[in-house]
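Next come the chains, spelled out residue by residue.
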Amino acid sequence: MRTHPSTLSTYLRRALATTAAAGALLALTAVPGGTAYASSERGKQPATCEFRPTPDRPAARPVTIPKAKQKSHGTVEVRVSTNYGPMVFRLDRELAPCAVGSLAHLAKADFYDMSQCFRLTNTARLGVLQCGDIYRQEEGGPGYEFDDEVNPSLTYPRGTIAMGNQGPGTNGSEFFVVHSFANISPNYTVMGHLVSGYEALDAIVAAGIADPDQDGPPASPVWITDVRVVGQRG
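Asks: For the overall build of the protein, give the residues involved together with the corresponding values.
Replies: Helix and strand counts for the protein come out as 4 helices and 16 strands. The buried share of the protein, reckoned over its 234 residues, is 43%. Considering only residue pairs separated by 6 or more positions, the protein has 69% of its internal contacts joining residues 24 or more positions apart. Summed over its atoms, the accessible surface of the protein is roughly 12100 Å², and 56% of this surface lies on carbon and sulfur atoms.

Written as structure tokens, this is what we have:
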């Protein structure tokens, strides 16, 4: 069937307009790094978090309480600089939106800068580096706490970063990094995993532990010099 020139011209203009609109939509759903997310992914509702002030345990350093609404999708990359070298963690907001939002908030407030990792373990049950306290092990938090975000199906393989706590619903600034394995119950909020910096983590372990039971202060102090958000997606 032969098409009239004016009809063909109209058809072409409409096709071009449709193509341009599709291109604009794709551009809106793309994020830095070339990853595209479906519109349904970008439309996820934020998580509502309860960050409770702890007046009996005031903030060890000046910091505000995070916003109650936190993103529930996407990832955050955080670089932890230490005197042994840097480590970069990729945190998953979908796994733990409140914990990831809190850690990013504390990093932006320089809460962790020039603090020590006061505990290192290397036993048949537990191999972790514990950080995030300002004064000493399990003392010196951010002046607030929040609930656990646990998943019974998750385990703690090498490279996992998770929240430390002193019982249910007591999350604050403390976190731990698994350098070998952690044969523990799923009572600790998993935030993500190490994507670079295993050399620094292994060097900390190789330096030893100042405790014959292999659960105590690192033999050579581990200093966090800087924690900062270096990337976000989603």
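Asks: Which residues make up the side chain of Glu 149, and what values go with them?
Replies: By secondary structure assignment, the location of Glu 149 is in the loop between strand S11 (144-145) and strand S12 (160-163). From its side chain, Glu 149 meets the backbone nitrogen of Cys 98 in a polar contact 3.0 Å long. Only 2.9 Å separates the side chain of Glu 149 from the backbone nitrogen of Ala 99, close enough to count as a polar contact. Discounting residues that sit within four places of it in the chain, Glu 149 has contacts with Leu 95, Ala 96, Pro 97, Cys 98, Ala 99 and Thr 189.

Asks: Go over unusual backbone geometry, please, and point to the residues and values.
Replies: Peptide bonds are, in most cases, trans, and in most cases residues other than glycine have a negative phi. Within the chain, Asp 110 stands out as a residue other than glycine whose phi angle is a positive 60 degrees. With respect to the helices, strands and loops of the structure, Asp 110 is situated in the loop between helix H3 (97-108) and strand S8 (115-116). Given the relative accessible area of 43%, Asp 110 is considered partly exposed. At Met 114, a position not held by glycine, the phi torsion is positive, near 55 degrees.

Asks: Can you break down the sheet that holds strand S15 (residues 215-216) residue by residue, with the values?
Replies: Strand order in this open sheet of 10 strands is S8-S16-S6-S7-S14-S12-S13-S10-S9-S15, and the pairing throughout is antiparallel. Each of the sheet's edge strands pairs with one partner strand only, and the pair in question is S8 and S15. Along the sheet, H3 contacts strand S6 (75-82), strand S7 (85-92), S12, strand S13 (175-182), strand S14 (190-196) and strand S16 (223-233); its crossing angle with S16, the most-contacted strand, is approximately 120 degrees.

Asks: Which residues make up H3, and what values go with them?
Replies: Taking 1.5 Å per residue as the helical rise, H3 with its 12 residues ought to reach 16 Å, and the 16 Å between its terminal C-alpha atoms agrees with that figure. Across the 12 residues of H3, 10 count as buried, placing the element largely inside the fold. Every buried residue of H3 is listed here: Pro 97, Cys 98, Ala 99, Val 100, Gly 101, Ser 102, Leu 103, Ala 104, Leu 106 and Ala 107. Phi for Asp 110, located one or two positions after H3, is positive at around 60 degrees.

Asks: Tell me about empty space enclosed by the protein, residues and numbers included.
Replies: Applying the stated criterion to the full structure yields 1 cavity of 30 Å³ or more. Put simply, the largest cavity is a space of about 30 Å³. Every residue lining the largest cavity is listed: Val 78, Val 80, Phe 89, Leu 91, Leu 103, Ile 161 and Phe 175. Going through the elements one at a time, S6 and S7 are the ones with two or more residues in the lining of the largest cavity. When grouped by side-chain class, the residues that make up the lining of the largest cavity number 7 nonpolar, no polar and no charged.

Asks: Could you give an account of the packing of aromatic side chains, with specific residues and numbers?
Replies: Here a ring pair, both rings aromatic, is described through the centre-centre distance and the interplanar angle of the planes. Under the criterion given, the structure shown has 7 aromatic pairs. Taken together, a centroid distance of 5.6 Å and an interplanar angle of 80 degrees make the contact between Phe 51 and Tyr 144 edge-to-face. Residue Phe 51 is located in the loop between strand S3 (47-48) and strand S4 (52-53), and its partner Tyr 144 is located in strand S11; the two are separated by 93 residues in the primary sequence. An aromatic cluster is present here, built from Phe 51, Tyr 144 and Phe 146 joined pairwise through their rings.

Asks: Got a sec to walk through the pattern of salt bridges? Specific residues and values, please.
Replies: When the charged atoms of two side chains with opposite charge come close together, those side chains can pair. Tallied over the full model, the rule gives 11 salt bridges. With a shortest N-O distance of 3.5 Å, Lys 44 and Glu 94 are connected by a salt bridge. Here Lys 44, found in the loop between helix H2 (39-42) and S3, pairs with Glu 94, found in the loop between S7 and H3; they are 50 residues apart in sequence, far enough to count as distant. Ionic pairing is found between Glu 139 and Arg 136, a salt bridge with its closest N-O pair at 2.6 Å. Of the residues examined, Arg 136 reaches a relative accessible area of 45% and is grouped as partly exposed. Through salt bridges with shared partners, a single ionic network connects Glu 50, Arg 52, Asp 56, Arg 57, Glu 145 and Asp 147.

Asks: Explain the state of the cysteines to me, using residue names and the numbers behind them.
Replies: Following the criterion strictly, the structure yields 2 disulfides and no others. The residue that forms a disulfide with Cys 117 is Cys 131, at a sulfur-sulfur distance of 2.0 Å. Judged by the torsion about the S-S bond (100 degrees), the Cys 117/Cys 131 disulfide is right-handed. Note that Cys 117 is positioned in the loop between S8 and strand S9 (119-121) and Cys 131 in strand S10 (residues 126-131), a separation of 14 residues in sequence. The exposure classification of Cys 117 matches that of Cys 131, with both residues buried. Ordinal numbering of bonded cysteines along the protein defines a disulfide pattern of 1-2, 3-4.

What counts, and where the lines are drawn
- Residues numbered from 1 in each chain as written.
- Predicted model: local features only at pLDDT ≥ 70, side-chain atom pairs only at ≥ 80, totals over all residues.
- Heavy atoms only, no water.
- Helix = DSSP H or I, 4+ residues; strand = E, 2+ residues; numbered from the N terminus.
- Buried < 20%, exposed > 50% of the residue type's maximum accessible area, 1.4 Å probe, protein only.
- Contact = heavy atoms within 4.5 Å.
- Areas by Shrake-Rupley, 256 points an atom, 1.4 Å probe, with all protein chains shown as cover.
- Polar contact = N/O pair within 3.5 Å; in protein donor to acceptor, adjacent residues only side chain to side chain.
- Pairing = 2+ DSSP bridges.
- Axes fitted to C-alpha atoms, helices over the stretch in contact; angles between N-to-C directions.
- Expected span 1.5 Å × (residues − 1).
- 1 Å grid on protein atoms, 1.4 Å probe; cavity = no way out; pocket = protein on both sides within 12 Å on 5 of 7 lines; lining within 4 Å.
- Points joined across faces, edges and corners; volume = space filled by probe spheres on them.
- Nonpolar A, V, L, I, M, F, W, Y, C, P; charged D, E, K, R; others polar.
- Phe/Tyr/Trp six-rings, centres within 6.5 Å; stacked < 30°, edge-to-face > 60°.
- Salt bridge = Lys/Arg side-chain N within 4 Å of Asp/Glu carboxyl O.
- Disulfide = S-S within 2.5 Å.

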